[in-house]
Amino acid sequence: MFEDLVVVDFTRVVAGPYCTRMLADLGAQVIKIDALPEEVDKFEDIISVEDAARLRSAGGISNNLGKRSLSIDLKAPDSGEVINRLLSRADVVVENFKPGVMESLGFGPKTCLELNRRLIYAGLSGFGQDSSRRAFGATAHAESGWLWVQQQAASIDEIFAPGVTVADLVTGSNAFSGILAALYAREKTGSGQIVDVSLMDSQFQMLNSVMEPILNGAEEHEFKSFRHPLYKSQDDKMISINIGNSRNWGRIAQAIGEPNTQMPDSPKLSDDLIRTWVANLSCEDLAARMDAHGAPYGITLTAHEAASHSHFQDRRMIAEVPDPIQGSIRAVNSPLFFSEIQSEATQAAPLIGQHTEAVLGEIGLSDEQIEKLSSARVTFQLPPIEQE
């Protein structure tokens, strides 16, 4: 789909790499900008497998699948020409530095758009491009009110942090959507633009249904928490069943073997009835009954159990991709399915500097210029990995 789209990726941590991984899954040529390794002078003609394994591109393996790595010292004076050549040929830039950092390096959004008027410049940050405050996903979890909402739902005394950095993931997804919208707008106007996405805004927007009554006058003491109930089966499995409405109640009641039991007016009574019914059935029996009557349910699984779920196998949600260290790895695939185009992980995540010389050649640098940059420690090309 995006085979002719060139993305210059200055990102690290989670939100940015997550966003650009989605572009790579759609075929975009994503060039990851990596800093020089700390021990750059140690790596000359060949590199051991152990040393190479420590040179994973910033952002982790899964979020860097399908990208290439250009290792360059952005603070070196001679790096400017290299980056400008890249930007003049690029369609999209994605960065998640603290606002102002790209300007200090000479590659701020206005400068980039002056260089290439068709460029889409996506800046991901904690509080937006007009704020200099640093943040991680955990910052947005706390200050958006989400941790408090979770505490109320759990009815516990202390606020707790989630096991997944949700703010980063939703910010990455929002940035991906914003980039696609800007690319579509470019088809109409011929011009690029700045896409400004923040962790705080993304996390807050995710709470839109929670915030609706609050924004319209509801007091804190009026807040009504909500969480989907879980029910314990006869064999101690926890099952999620969402009653929803009377029509779905009918499906559940039929599945349980109580087709004549009407849905109680009281949510508590409905909950108590289902709790009693589920307690008398094994998990396997309950699942078979619910499937037979089209009633939605969910069996609580560990992450290890979920990794073997037949659904993910059937939907090709687990990809096996090459890896320069391990030979191949398995990773979560793209969740986007189309009738005419492909979105999937097919290529390895790069090691730092693995594609430096190739990328420099593609933007018009001669072998002599490439060697000069390497000798001056402006750029780094990963040497061949020692074969065992």
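So, a few notes on the structure that sits alongside this text. None of the values given here were measured: they were computed from a predicted structure.

Strands sit in the order β7-β8-β9 across an open sheet of 3 strands; the sheet is antiparallel. Looking at the sheet topology across the chains shown, the edges are occupied by β7 (230–232) and β9 (298–299). The pairing of strand β8 (residues 238–240) with β9 spans 2 bridges and is antiparallel. Paired with Ile239 across the strands is Ile299, a residue of β9. Together, β7 and β8 form the strand contacts of helix α12 (residues 267–279), whose direction differs from that of β7 by roughly 35 degrees.

Right, let's talk about the side chain of Ser334 for a bit. Position of Ser334 relative to the elements: it lies in the loop between β11 (327–332) and α16 (356–362). Looking at Ser334, the relative accessible area reads 4%, which means it is buried. A polar atom in the side chain of Ser334 sits 2.7 Å from the side chain of Ser343. The residues touching Ser334, leaving out its near neighbours within four places in the chain, are Arg21, Asp25, Met317, Ser343 and Glu344.

Another point: the packing of helix α11 (residues 246–256) against α12. The geometry of α11 relative to α12 is characterised by a closest axis approach of 11 Å and an angle of 25 degrees between their N-to-C directions. Taken together, the axes of α11 and α12 are roughly parallel relative to one another. Relative to α12, the crossing made by α11 is left-handed. Together, Trp249, Ile252, Ala253 and Ile256 of α11 and Ser270, Leu273, Ile274 and Trp277 of α12 make up the contact between the two elements. In terms of residue class, the contact of α11 with α12 is built from 7 nonpolar, 1 polar and no charged.

This next bit is on the pairing of strand β10 (residues 318–323). Across 6 bridges, the pairing between β10 and β11 is antiparallel. Looking at β11, one finds that Pro322 is bridged to Ser328. In this antiparallel pair of consecutive strands, β10 and β11, the connection spans 3 residues.

Our next topic: helix α1 (residues 15–25). In terms of burial, α1 is a largely internal element, 10 of the 11 residues being buried. Two residues or fewer after α1 comes Gly27, characterised by a positive phi angle close to 100 degrees.

With that out of the way, let us pick up the layout of surface pockets. Quantified by volume, the largest pocket comes out at close to 670 Å³. Looking at the largest pocket, it is lined by 33 residues, and the ones nearest its centre are Arg12, Val13, Asn96, Phe97 and Lys98. Among the secondary structure elements, those contributing two or more residues to the lining of the largest pocket are β2 (29–34), α4 (101–105), β5 (120–125) and α8 (166–189). No other element matches the 3 residues that β2 contributes to the lining of the largest pocket. Its residues assigned to classes, the lining of the largest pocket comprises 19 nonpolar, 5 polar and 9 charged. Volume-wise, the second largest pocket comes out at about 350 Å³. Together, 16 residues line the second largest pocket, and Val149, Val210, Phe223, Lys224 and Ser225 are the ones closest to its centre. Of all elements in the fold, only α7 (146–154) and α10 (208–215) reach the threshold of two or more residues within the lining of the second largest pocket. By residue class, the composition of the lining of the second largest pocket is 9 nonpolar, 3 polar and 4 charged.

Parameters at a glance
Residues numbered from 1 in each chain as written. Predicted model: local features only at pLDDT ≥ 70, side-chain atom pairs only at ≥ 80, totals over all residues. Heavy atoms only, no water. Pairing = 2+ DSSP bridges. Helix = DSSP H or I, 4+ residues; strand = E, 2+ residues; numbered from the N terminus. Contact = heavy atoms within 4.5 Å. Axes fitted to C-alpha atoms, helices over the stretch in contact; angles between N-to-C directions. Buried < 20%, exposed > 50% of the residue type's maximum accessible area, 1.4 Å probe, protein only. Polar contact = N/O pair within 3.5 Å; in protein donor to acceptor, adjacent residues only side chain to side chain. Parallel < 35°, antiparallel > 145°, perpendicular 65-115°, else oblique. Left-handed = near helix turned anticlockwise from the far one by under 90°. Nonpolar A, V, L, I, M, F, W, Y, C, P; charged D, E, K, R; others polar. 1 Å grid on protein atoms, 1.4 Å probe; cavity = no way out; pocket = protein on both sides within 12 Å on 5 of 7 lines; lining within 4 Å. Points joined across faces, edges and corners; volume = space filled by probe spheres on them.

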